[in-house]
2 protein chains.
Amino acid sequence: MQNRKYHHGDLRNSLIEAGIELINREGASVLSLRKVAALCGVSQAAPYSHFQSKEDLLGAMREYVIEQFMEVLETSIQDCKDQNNPRLLIQMGKNYVMFFIKNPQYFTFIFSQQCIEINLSLDGDETKNFPPFQLFKTKAVPIMNNLGMSKARVEDAIISMWATVHGLSSIATMKNVHYNKDWETKIEDIIWNIQVLAV
Amino acid sequence: MQNRKYHHGDLRNSLIEAGIELINREGASVLSLRKVAALCGVSQAAPYSHFQSKEDLLGAMREYVIEQFMEVLETSIQDCKDQNNPRLLIQMGKNYVMFFIKNPQYFTFIFSQQCIEINLSLDGDETKNFPPFQLFKTKAVPIMNNLGMSKARVEDAIISMWATVHGLSSIATMKNVHYNKDWETKIEDIIWNIQVLAV
DNA sequence: CACTAAATCTTATCAGTGTAAAGATTATTT
DNA sequence: AAATAATCTTTACACTGATAAGATTTAGTG
């Protein structure tokens, strides 16, 4: 990308992508603004024309990753014929975990900083809700209603299921985890232990 | 703690405790060796007489926290009369989550760096296994065997249950999480959604 | 077109960080 | 008591996030 031009042209996006490349290559803990700038061929202070702070760039990178994440989750919905089958939730959970297994650095990157807004209740403000969870909730509520569950139990079950899938992602992306089976084929069995789905 | 003596006397432990105090006060992301040293009243390079690197000190702090964590889990075992009742597992899970709700900084501190060794399989090397998981496994296996489950299903159920509890801790300790109920009274309901326990 | 204002980038420069080296001080061992 | 080891201080270096002042380019206005 290094051009002799004074103006880069698309520096904002380049910084985001360079940052993500560095995270995948070296990990988020050793990421520096200067490395990102160097990778884009600009000076150390150049990023400050597009981002107020390092945290601001990290926030934009996070949004970028979450968008990719959302695309993966949405395909798992479109691939399902019967939108009322609990299997849809399993498939979403599977794709949830597999996304982080395929991109191990992303899990801690997204969740380590505690800047994510989450509304666990069924009612309440959904505008600022963490999009992946918001999507899961939207799909899970009608399916669980369909199974004749009470509102309170639906809420519990949604939290329970998301916690399982989320925790599984956390565990599977740990560096020194020993598991002698293939996650892709096993995840489904593990998620099936949620009582709701076994009905 | 600041003494006029040249030798501190118990600097190694003081550094660990000061570091943990700073984590609880300001968070792990802004922790520096120099602040920890200053809090102990010693020079910036003094920690290097006891720890090879910052990461080395963080490792010792992590062990310290995990010990506290283990004590909490072990009391939940001793408080249970019937060691074969699945309720024991619920109680462990409850204490697992509540420990992190009471110490919100500890979750990311322990798990964000990926230095934890975990063996998910039922057989294999247990010596270097993450002690809290190792303890959970030891207690869960006989209880689940008692329920007449196959070895494969036991393994799945253990991972499933731990993932739920672990994920619940991750979610509950996020900074901007909105939940209009009391965790302490609700956790149990949520964990009960694991199929095994509902048998 | 010329001129101005805004946007973008560079070059210092700063305080704070982890870490290493060399030396000072105290404790331990012989 | 002397020698050795352990502990701590001082100094120094490279790297970091961030700011300020200035250079360069682009966009907008008459």
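This structure is a prediction, so every number in the text was calculated from the model and none was measured.

The next subject is the interface of chain B and chain A. Facing 47 residues of chain B, the contacting portion of chain A comprises 47 residues. When the area that chain B buries against chain A is broken down by residue, the three leading residues are B:Gln114, B:Met174 and B:Asn193, summing to 17%. Residues A:Lys181 and B:Glu155 are paired through a salt bridge, measuring 2.5 Å at the closest nitrogen-oxygen approach. Elements with a minimum of two residues in the side of chain B that touches chain A: helix H5 (104–111), strand S1 (117–119), helix H7 (151–172), strand S2 (176–178), helix H8 (183–191) and helix H9 (195–198) of chain B. Looking at the side of chain B that touches chain A, the element that brings in the most residues is H7(B), giving 14 residues. Residue composition of the side of chain B that touches chain A, grouped by class: 21 nonpolar, 18 polar and 8 charged. Examined bridge by bridge, strand S1 (residues 117–119) of chain A and S2(B) share 3 bridges and lie parallel to one another. When the sheet's bridge partners are listed, A:Ile118 is paired in S2(B) with B:Val177.

Next up on the list: the layout of surface pockets. For the largest pocket, the calculated volume is near 1,200 Å³. The wall of the largest pocket is formed by 34 residues, among which A:Ser112, A:Gln113, B:Ser29, B:Ser112 and B:Gln113 lie closest to the centre. Looking at the lining of the largest pocket, the elements with two or more residues in it are helix H3 (54–78) and helix H5 (104–111) of chain A together with helix H1 (11–26), helix H3 (54–78) and H5 of chain B. Across the lining of the largest pocket, the residue classes break down as 10 nonpolar, 14 polar and 10 charged.

A separate point is the side chain of B:Ser169. All names here are of chain B. Looking at where Ser169 falls in the secondary structure, it is placed in helix H7. Take Ser169: its relative accessible area is 0%, and that puts it in the buried class. Apart from the residues lying within four places of it in its own chain, the contact partners of Ser169 are Tyr96, Val97, Phe100 and Phe107.

What follows concerns helix H8 (residues 183–191) of chain A. Considered for burial, the residues of H8(A) that qualify are A:Trp183, A:Lys186, A:Ile187, A:Glu188, A:Ile190 and A:Ile191. Residues of H8(A) that are buried make contact with helix H4 (87–102), helix H7 (151–172) and helix H9 (195–198) of chain A together with H7 of chain B.

To continue, consider the relation of the copies chain B and chain A. Each copy superposes on the other: chain B lies on chain A with an RMSD of 0.1 Å after a rotation of 180° and an axial shift of 0.0 Å. Such a combination of rotation and displacement between the chain copies is what one expects of a two-fold axis. A symmetric contact is evident, with 100% of the interface residues of chain B recurring at the interface of chain A.

Parameters at a glance
- Residues numbered from 1 in each chain as written.
- Chains lettered and ligands numbered in written order.
- Predicted model: local features only at pLDDT ≥ 70, side-chain atom pairs only at ≥ 80, totals over all residues.
- Heavy atoms only, no water.
- Contact = heavy atoms within 4.5 Å.
- Buried area = accessible area lost by both parts, 1.4 Å probe.
- Salt bridge = Lys/Arg side-chain N within 4 Å of Asp/Glu carboxyl O.
- Helix = DSSP H or I, 4+ residues; strand = E, 2+ residues; numbered from the N terminus.
- Nonpolar A, V, L, I, M, F, W, Y, C, P; charged D, E, K, R; others polar.
- Pairing = 2+ DSSP bridges.
- 1 Å grid on protein atoms, 1.4 Å probe; cavity = no way out; pocket = protein on both sides within 12 Å on 5 of 7 lines; lining within 4 Å.
- Points joined across faces, edges and corners; volume = space filled by probe spheres on them.
- Buried < 20%, exposed > 50% of the residue type's maximum accessible area, 1.4 Å probe, protein only.
- Least-squares fit on C-alpha atoms with pLDDT ≥ 70 in both.

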